[in-house]
Amino acid sequence: MENNITTIPREELEELREAFGKIDIDNSGYVSDYELQDLFKEASLPLPGYKVREIVEKIILVTDSNKDGRINFEEFVSIIQELKSKDVSKSFRKSINKKQGITAIGGTSAISSEGTQHSYSEEEKVAFVNWINKALQDDPDCKHLLPMNPSDASLFKSLADGILLCKMINFSQPDTIDERAINKKKLTPFTISENLNLALNSASAIGCTVVNIGSQDLQEGKPHLVLGLLWQIIKVGLFADIEISRNEALIALLNEGEELDQLMKLSPEDLLLRWVNYHLANAGWQKISNFSQDIKDSRAYYHLLNQIAPKGDDLDQLPIKIDFTGFHDKNDLRRAEYMLQQADKLGCRQFVTPADVVAGNPKLNLAFVANLFNTYPALHKPDNSSYDLNLLEDLTPPNVGESKEERTFRNWMNSLGVSPYVNHLYSDLSDALIIFQLYEMTRVPVDWSHINKPPYSLLGGNMKKIENCNYAVELGKTKAKFSLVGIAGHDLNEGNPTLTLALVWQLMRRYTLNVLSDLGEGEKVNDEIIIKWVNQTLAKANKKTSIISFKDKSISTSLPVLDLIDAIAPKAVRPEMVKREDLSYQDKLNNAKYAISVARKIGARIYALPDDLVEVKPKMVMTVFACLMGRGLNRIK
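Residues numbered from 1 in each chain as written. Predicted model: local features only at pLDDT ≥ 70, side-chain atom pairs only at ≥ 80, totals over all residues. Heavy atoms only, no water.

### Quick look at the overall build of the protein chain
Point 1. Counting its regular elements, the protein chain contains 29 helices and four strands.
Point 2. Per-residue burial over the protein chain gives 52% buried out of 637 residues.
Point 3. In the protein chain, 60% of the contacts between residues at least 6 apart in sequence involve partners at least 24 apart.
Point 4. Carbon and sulfur atoms form 51% of the exposed surface of the protein chain, whose accessible area is close to 29,800 Å². (Helix = DSSP H or I, 4+ residues; strand = E, 2+ residues; numbered from the N terminus. Buried < 20%, exposed > 50% of the residue type's maximum accessible area, 1.4 Å probe, protein only. Contact = heavy atoms within 4.5 Å. Areas by Shrake-Rupley, 256 points an atom, 1.4 Å probe, with all protein chains shown as cover.)

### Looking at the pattern of salt bridges
Point 1. Summed over all chains, the structure comprises 25 salt bridges.
Point 2. Among the salt bridges present, the one from aspartate 141 reaches lysine 167, with a minimum N-O distance of 2.8 Å. You can see aspartate 141 sitting in the loop between α7 (122-135) and α8 (154-158) and its partner lysine 167 sitting in helix α9 (residues 163-172), a full 26 residues away along the chain.
Point 3. Glutamate 258 is the partner of arginine 274 in a salt bridge, and the nearest nitrogen-oxygen pair spans 2.5 Å. Note that arginine 274 is positioned in helix α14 (residues 268-282) and glutamate 258 in the loop between α12 (223-239) and α13 (260-264), a separation of 16 residues in sequence. Taken as a pair, arginine 274 and glutamate 258 share a single burial class, namely buried.
Point 4. What emerges from the salt-bridge pattern is a single network uniting Asp139, Asp141, Lys167, Glu179 and Lys184. (Salt bridge = Lys/Arg side-chain N within 4 Å of Asp/Glu carboxyl O.)

### As for the packing of aromatic side chains
Point 1. Under the definition given, this model contains 14 aromatic pairs.
Point 2. On the basis of an interplanar angle of 80° and a centroid distance of 5.7 Å, the ring pair of tryptophan 285 and phenylalanine 327 is categorised as edge-to-face. Of this pair, tryptophan 285 sits in the loop between α14 and α15 (299-308) while phenylalanine 327 sits in the loop between α15 and α16 (332-345); the two residues are 42 residues apart in sequence, bridging distant segments of the chain.
Point 3. Overall, phenylalanine 327 belongs to the buried group, its relative accessible area being 7%.
Point 4. With a centroid separation of 5.5 Å and 40° between ring planes, the pair formed by phenylalanine 436 and tyrosine 471 is classed as tilted. You can see phenylalanine 436 sitting in helix α21 (residues 433-441) and its partner tyrosine 471 sitting in helix α22 (residues 461-478), a full 35 residues away along the chain. This pair shows no difference in class: phenylalanine 436 is buried, exactly as tyrosine 471 is.
Point 5. Put simply, the rings of Trp285, Tyr302, Phe324 and Phe327 pair up and form one aromatic cluster. (Phe/Tyr/Trp six-rings, centres within 6.5 Å; stacked < 30°, edge-to-face > 60°.)

### What to know about the layout of surface pockets
Point 1. Here the second largest pocket defines a volume of roughly 480 Å³.
Point 2. Every residue lining the second largest pocket is counted, 23 residues in all, and those nearest its centre are Val515, Gly603, Ala604, Arg605 and Cys627.
Point 3. For the lining of the second largest pocket, the class distribution of residues is 13 nonpolar, eight polar and two charged. (1 Å grid on protein atoms, 1.4 Å probe; cavity = no way out; pocket = protein on both sides within 12 Å on 5 of 7 lines; lining within 4 Å. Points joined across faces, edges and corners; volume = space filled by probe spheres on them. Nonpolar A, V, L, I, M, F, W, Y, C, P; charged D, E, K, R; others polar.)

### Focus: the packing of α7 against helix α18 (residues 362-375)
Point 1. The N-to-C vectors of α7 and α18 enclose an angle of 25°; their axes lie 10 Å apart at closest approach. Judged on the interaxial angle alone, α18 and α7 are roughly parallel. Counting all contacts with α7, which are made through Glu123, Glu124, Ala127, Phe128 and Trp131, the residues of α18 involved are Lys363, Leu364 and Asn371.
Point 2. Here the contact of α7 with α18 is built from residues that sort into four nonpolar, one polar and three charged. (Axes fitted to C-alpha atoms, helices over the stretch in contact; angles between N-to-C directions. Parallel < 35°, antiparallel > 145°, perpendicular 65-115°, else oblique.)

### Points about α15
Point 1. The element α15 is extensively covered by neighbouring structure, given that seven of its 10 residues are classed as buried.
Point 2. The set of residues buried in α15 consists of Ala300, Tyr301, Tyr302, His303, Leu304, Leu305 and Ile308.
Point 3. For α15, the elements touching its buried residues are α14, α16, α17 (354-359) and α18.

### Things to note about the environment of isoleucine 192
Point 1. Tracing the sequence through the fold places isoleucine 192 in helix α10 (residues 189-205).
Point 2. Along the sequence, isoleucine 192 and isoleucine 182 sit 10 residues apart, while their C-alpha atoms lie 9.3 Å from each other.
Point 3. Beyond its immediate stretch of four places on either side in the chain, isoleucine 192 contacts Ala160, Asp161, Leu187 and Gln219.

### Examining the nonpolar core
Point 1. With 176 residues, the main nonpolar core has Trp275, Phe436, Tyr439 and Ile530 as its most contacted residues.
Point 2. When residues of this core are assigned to their parent elements, the largest contribution, 11 residues, is made by α12. (Core = buried A, V, L, I, M, F, W, Y, C linked by side-chain atoms within 4.5 Å.)

### Focus on the confidence of the model for the protein chain
Point 1. Taken as a whole, the protein chain shows an average pLDDT of 85; of its residues, 78% reach a score of 70 or greater.
Point 2. When the criterion is pLDDT under 50, residues 1-6 qualifies, and its contacts beyond four places in sequence or with other chains add up to eight contacts.
Point 3. Scored below 50 in pLDDT, residues 92-100 makes 14 contacts in the model with residues more than four places away or belonging to other chains. (pLDDT = per-residue confidence, 0-100.)

### Side note on unusual backbone geometry
Outside of glycine, negative phi angles account for most residues, and trans bonds account for most peptide bonds.
Point 1. Looking along the chain, the bond that leaves leucine 146 and enters proline 147 is cis, with omega of -5°.
Point 2. Within the secondary structure layout, proline 147 lies in the loop between α7 and α8.
Point 3. The omega torsion of the bond from serine 419 to proline 420 falls at 0°, within 30 degrees of zero and hence cis.
Point 4. Mapped onto the secondary structure, proline 420 falls in the loop between α20 (404-415) and α21.
Point 5. Within the chain, arginine 443 stands out as a residue other than glycine whose phi angle is a positive 65°.
Point 6. Mapped onto the elements of the fold, arginine 443 is located in the loop between α21 and α22.
Point 7. Of note in this structure, aspartate 582 is not a glycine but carries a positive phi near 50°.
Point 8. Relative to the elements of secondary structure, aspartate 582 occurs in the loop between α26 (559-568) and α27 (585-601).

### Focus on the side chain of arginine 335
Point 1. Note on placement: arginine 335 falls in helix α16.
Point 2. Residue classification places arginine 335 among the buried residues on the basis of a relative accessible area of 2%.
Point 3. Of the polar contacts made by the side chain of arginine 335, one reaches the backbone oxygen of aspartate 297; its length is 2.9 Å.
Point 4. One polar contact links the side chain of arginine 335 to the main-chain carbonyl oxygen of phenylalanine 327, over a distance of 3.5 Å. (Polar contact = N/O pair within 3.5 Å; in protein donor to acceptor, adjacent residues only side chain to side chain.)

### A few points about the packing of α14 against α18
Point 1. α18 packs onto α14 with a crossing angle of 70° between their chain directions and a minimal axis gap of 10 Å. Classed by the angle they form, the pair α14 and α18 counts as roughly perpendicular. The way α14 lies across α18 gives a crossing that is left-handed. The segment α14 lies against α18, with Glu269, Leu272, Trp275 and Val276 engaging Leu366, Val369, Ala370, Leu372 and Phe373.
Point 2. Here the contact of α14 with α18 is built from residues that sort into eight nonpolar, no polar and one charged. (Left-handed = near helix turned anticlockwise from the far one by under 90°.)

Set out below in structure tokens:
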């Protein structure tokens, strides 16, 4: 592959890197096969659909050298050569570079000491600025930063001290960050760096991929990285309630003859599309199949707004009339503006401008629709449906869909940049492709030629998935040396919670211990070594706390954790924030929230939740101490 790269002129190589970066929006270093299809669409190449499919299939067959269904940059470069298509290559680059609203900025590249260019979308910047201005307009801690001007670069400067990022994370996922841990006054380069560490590690904990982003990047306001991270954070908030466990009325979206568990497996994007089509069907308007091409004329949006606008049926809600006067305007931009004026009546003129609608910007239109759903879902749970009542019981308190443990594991996977994104822990692992990616990340060798890849045929497709799952269990037993007694491939395929979690936990544990082993120059690490290190570090710092095991009841106070943080990073913990005696449950929870946020602030990437400390859940407790040990060893180095 190295030889391939050197045959391409440096300038062309940089252009290809630029193009790759535009599709690799999560900065994972990979694009998947379906994203490649988007790549050709984005490039507006004059190729019929069948030809694009042929190219994508050839890419996966010929170019995906490690057969993982994902393409890295080197493989991507060879695509251009494999296709023998200077014309395709040129038209691709030309259309990417001509794309409206793209701003190019200087950057540096490992390939060229002269530097390269990164680009960012002006439309996204404007949309995100307006969203943040509205979301945090009443926050006293942000008064020195807001409102930002959407037409200049103030966004990148305003995020540089970390306060806005921390606030946006809490806006999207309340209580993720303990506000007491945010440095707000008399900021120095060091305390700013702490804020940015807190933001990055907290973003990771809610499932954002931050693999290639450092606090320095945010401090320097690198636009493409800032916007990529912001989009992930905003999307977490927009999608939070688009799942049946949070909104049972989504059951109204069941198609005829469809089982409830099929609906429950849909991604938030698919549910949103179905929600729009549900209302369009009620309006007698044709369905849409995307949030780009199909909404460019704004007419579907007109009908959607008319369906969801309050009709005055509830006593506490005044009717809002949607004016269709602009519906028949012959100019697309004017029609989009009139439509957005109607959206404004619902308080939902967010994320898109008329130009974004007419251009069919998929990301911003998705955000626009998600905000509409969150404000006016206009759904009612059917009274007498034939869905499985037992499944529905699993979605009501105290079960409420996804457990905290399941969400933690899912967020951990997504933060590592697995593809596709894991929306539902069990159904999204049913073909084991995510598990194979996690094996590779934890240094378990995977033979991708043994693995069946999607799309799976209707006939025999599930058998292919089970074959994958069997191989995943075999790898766990033979190569990873996991304890997988009584676990078979069909357990993973069927989403057996207990047995799937047993494998996922061992993957997370292996990942955590690998980090420690690297810091210890390859020395194997186990629970005893971690506990010994914790107690020695506490004793050296003259702390009175210690732990016997990860089940030690004293951990419920979080005092051993807080003392360990103070031993590793003196002055990080503010003593007045910690309650040490006569602790109620709420006191313990407050200590735990503060401990986790301060740990993230000093650079520990912790996925555990405050409840895990208060309830002394040994597995998650182990990860907390292991991450702190990693941080401590790093500081010594």
